[in-house]
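Here is what each chain is made of, one letter per residue.
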Amino acid sequence: MRYSVDAGARHYYAIFFFCVFAIGRVSHADETQHPPAVAESLADAFRGRLKIGAAVEPAQLTEADGSLLVRQFNSVVAENAMKPADIHPREDTYNFAPADTIVDFAQRHHMAIRGHTLLWHKRTPDWFWIGKDGQPASRELVLERLRQHINTVVGRYKGKVYAWDVVNEVIDASQQNCLRNDKWMQVVGPEYISAAFRDAHAADPFARLFINDYSTHEPAKRDCLVRVIKGLLADGVPIQGVGHQMHISIYWPSVSSIDSSLTAFAQLGLENQITELDMSLYQHKDYRPATSLQQRLTFQGQRYGAVMALFLAHREVTAVTWWGVADDHTWLNVGNDVPGDDQPLLFDRSQQPKPAYWETLRGRPL
Ligand code: G3I
């Protein structure tokens, strides 16, 4: 049989369309097994139930992390820019520009903003403790400086920052009174905490005010935090919630210990927020991995799925904030005593979703 040009063309068209169809089927089948590279928005998936946040430095906003942030998150917090020593380095000098950059970006993209933090022993600038004559500052002077600081910072972002970590890491379960024996305790005494909350409330009565800490799943620490908060509530101090930093690992803590802790604060009638979530692939300070990277990433995904399911089961948990956007920028890789290859977040160093992302998303409310 002679092969006409038309018949030949039809033959090639048929082969071409068959291939397109077949490739389409294969790639469709692939999508169901391996999720597509461009992921849907976490923020959309949890909208109306949880705010989905990330900590950022201003420089990240113009980089790849910035576009990922806008696509996937609807809340931000400054990783460093609002800490007292960063935003108020000298008594007469505020450094608002980095924090303003983050706030302006968030507003442009209709994102919620958490404020971190108004008081932290690690980032209280030295000038707080020195009096005009070079002598140690008096209790009254320190409290007045705290009031001025809080009034200025909270006042500047009034109506923009919806929640503040008023005090950070003030609990120490090894102390009889449960409070860290730092400069604040030594110079002011325990009243510095209530003063900070009252000052913040005076500066923005609509801001939600949190006490923020790490390892809140540890029973001794949790019980101390409960005791301190009960005291604050009894004194009529304006406090609305507990911030759980949640710097955890694929190996610890147990999900049930987190559950017990969230329950304890829910029973006090408080809001719980997860404020600094990340999940290390290592044991605490033990950097010899027990299993392959692939296994640990898979396990990380499962653990993220489990903790997200727990957060969703707690109606009083209103926001989950990761301490970073993607694995290219995480505090866990900073310093000489760490390997520098930890991958604690939902997106990898190239901003691609990890198993952790898909397992987190899987728990979305129906
Ligand atoms: O900005 C300076 C830079 O100018 C300088 O060249 C460089 C040299 O070391 O230091 C830079 O500052 C560092 C800053 O991070 C920004 O990178 C500080 O030294 C460093 O101490 C600071 O670390 C931050 C740490 O808090 C202390 O403020 C981390 O980024 C930040 O992730 C970490 O966040 C804390 C939370 O606030 C509270 N909970 C624990 C969490 C992790 O430690």
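Residues numbered from 1 in each chain as written. Predicted model: local features only at pLDDT ≥ 70, side-chain atom pairs only at ≥ 80, totals over all residues. Heavy atoms only, no water.

(A) Seen up close, the overall build of the chain. Looking only at helices and strands, one finds 12 helices and 9 strands in the chain. Here the chain holds 366 residues, and the buried ones make up 51% of them. The long-range share in the chain, meaning contacts at least 24 apart out of those at least 6 apart in sequence, stands at 75%. As presented, the chain carries roughly 17400 Å² of accessible surface, and 54% of it is formed by carbon and sulfur atoms. (Helix = DSSP H or I, 4+ residues; strand = E, 2+ residues; numbered from the N terminus. Buried < 20%, exposed > 50% of the residue type's maximum accessible area, 1.4 Å probe, protein only. Contact = heavy atoms within 4.5 Å. Areas by Shrake-Rupley, 256 points an atom, 1.4 Å probe, with all protein chains shown as cover.)

(B) Seen up close, the side chain of glutamine 300. With respect to the secondary-structure elements, glutamine 300 resides in helix 11 (residues 293-313). Contacts of glutamine 300, omitting those with residues within four sequence positions, involve Ile250, Met279, Leu281, Gln343, Pro344, Leu345, Lys354 and Ala356.

(C) Fine view of the site of the ligand. Around the ligand sit 14 residues, and of these Glu79, Asn80, Lys83, His116 and Glu276 come closest. At a separation of 3.1 Å, a nitrogen atom of the ligand approaches a polar side-chain atom of glutamine 245. Contacts to the ligand include glutamate 276, whose side-chain N or O atom sits 2.7 Å from a nitrogen atom. Look at the ligand: alone it shows 780 Å² of surface, and the protein chains cover 47% of it. Across the shell around the ligand, the residue classes break down as 3 nonpolar, 5 polar and 6 charged. (Near = heavy atom within 4 Å. Polar contact = N/O pair within 3.5 Å; in protein donor to acceptor, adjacent residues only side chain to side chain. Nonpolar A, V, L, I, M, F, W, Y, C, P; charged D, E, K, R; others polar.)

(D) Broad picture of the packing of aromatic side chains. Tallied over the full model, the rule gives 13 aromatic pairs. Between the aromatic rings of tyrosine 357 and tryptophan 358, the centroid separation amounts to 4.9 Å while the plane-to-plane angle is 85°, which identifies the pairing as edge-to-face. Residue classification places tyrosine 357 among the buried positions, given a relative accessible area of 0%. The rings of Phe73, Tyr304, Trp322, Phe347, Tyr357 and Trp358 are connected pair by pair, giving a single aromatic cluster. The ring of tyrosine 162 is capped by lysine 51, whose NZ or CZ atom sits 4.6 Å from the centre of that ring. Taking the ring centre of phenylalanine 96 as reference, the NZ or CZ of arginine 156 above it sits at 3.9 Å. (Phe/Tyr/Trp six-rings, centres within 6.5 Å; stacked < 30°, edge-to-face > 60°. Lys NZ or Arg CZ within 6 Å of the ring centre and 35° of its normal.)

(E) Looking closely at the pattern of salt bridges. Evaluation of the coordinates by the stated rule reveals 15 salt bridges. Here aspartate 44 ties to arginine 47 by a salt bridge, and the two come within 2.4 Å at their closest N and O atoms. Residue class for arginine 47 comes out exposed when judged on its relative accessible area of 52%. Taking the shortest distance from any N to any O, the salt bridge between arginine 156 and aspartate 100 comes out at 2.6 Å. In this pair, arginine 156 is assigned in helix 6 (residues 139-156) and aspartate 100 in helix 5 (residues 97-108), connecting sequence segments 56 residues apart. For aspartate 100, a relative accessible area of 17% translates into the label buried. Residues joined in a network through salt bridges with shared partners are Glu91, Lys132 and Arg145. (Salt bridge = Lys/Arg side-chain N within 4 Å of Asp/Glu carboxyl O.)

(F) Region of the structure containing the nonpolar core. Core analysis: the largest hydrophobic core is formed by 95 residues, its most contacted members being Leu69, Tyr157, Trp164, Phe311 and Trp322. Looking at this core element by element, the count peaks at 7 residues for helix 11. Not counting chain neighbours up to four residues away, the residues in contact with tryptophan 164 comprise Met82, Gly115, His116, Leu118, Val153, Val154, Tyr157, Ala207, Arg208, Leu209 and Phe210. Counting residues in hydrophobic clusters, the runner-up holds 5 residues, among them Ala112, Tyr162, Ala163 and Phe210. (Core = buried A, V, L, I, M, F, W, Y, C linked by side-chain atoms within 4.5 Å.)

(G) Structural detail: helix 10 (residues 255-266). Taking 1.5 Å per residue, 12 residues should reach 16 Å; helix 10 reaches 16 Å between its end C-alpha atoms and fits that length. Looking only at helix 10, the buried set comprises Ser257, Ile258, Ser261, Leu262, Ala264 and Phe265. What you see down the axis of helix 10 is that its buried residues fit within an arc of 155°, all on one side. (Expected span 1.5 Å × (residues − 1). Arc of directions from axis to C-beta.)

(H) The arrangement of the confidence of the model for the chain in detail. Per-chain confidence: the chain averages 91 in pLDDT, with 89% of residues scoring 70 or above. Every residue in residues 1-34 is under pLDDT 50, and counting partners more than four places away or in other chains gives 3 contacts. (pLDDT = per-residue confidence, 0-100.)

(I) Highlighting the packing of helix 10 against helix 11. One way to put it is that helix 10 packs onto helix 11 with a least axis distance of 10 Å and a crossing angle of 20°. When the axis of helix 10 is compared with that of helix 11, the two are roughly parallel. Remark: the crossing between helix 10 and helix 11 carries right-handed chirality. In this structure, helix 10 uses Val255, Ile258, Asp259 and Leu262 to contact helix 11, whose residues at the interface are Arg303, Ala306, Val307, Leu310 and Phe311. Of the residues assigned to the contact of helix 10 with helix 11, the class counts are 7 nonpolar, no polar and 2 charged. (Axes fitted to C-alpha atoms, helices over the stretch in contact; angles between N-to-C directions. Parallel < 35°, antiparallel > 145°, perpendicular 65-115°, else oblique. Left-handed = near helix turned anticlockwise from the far one by under 90°.)

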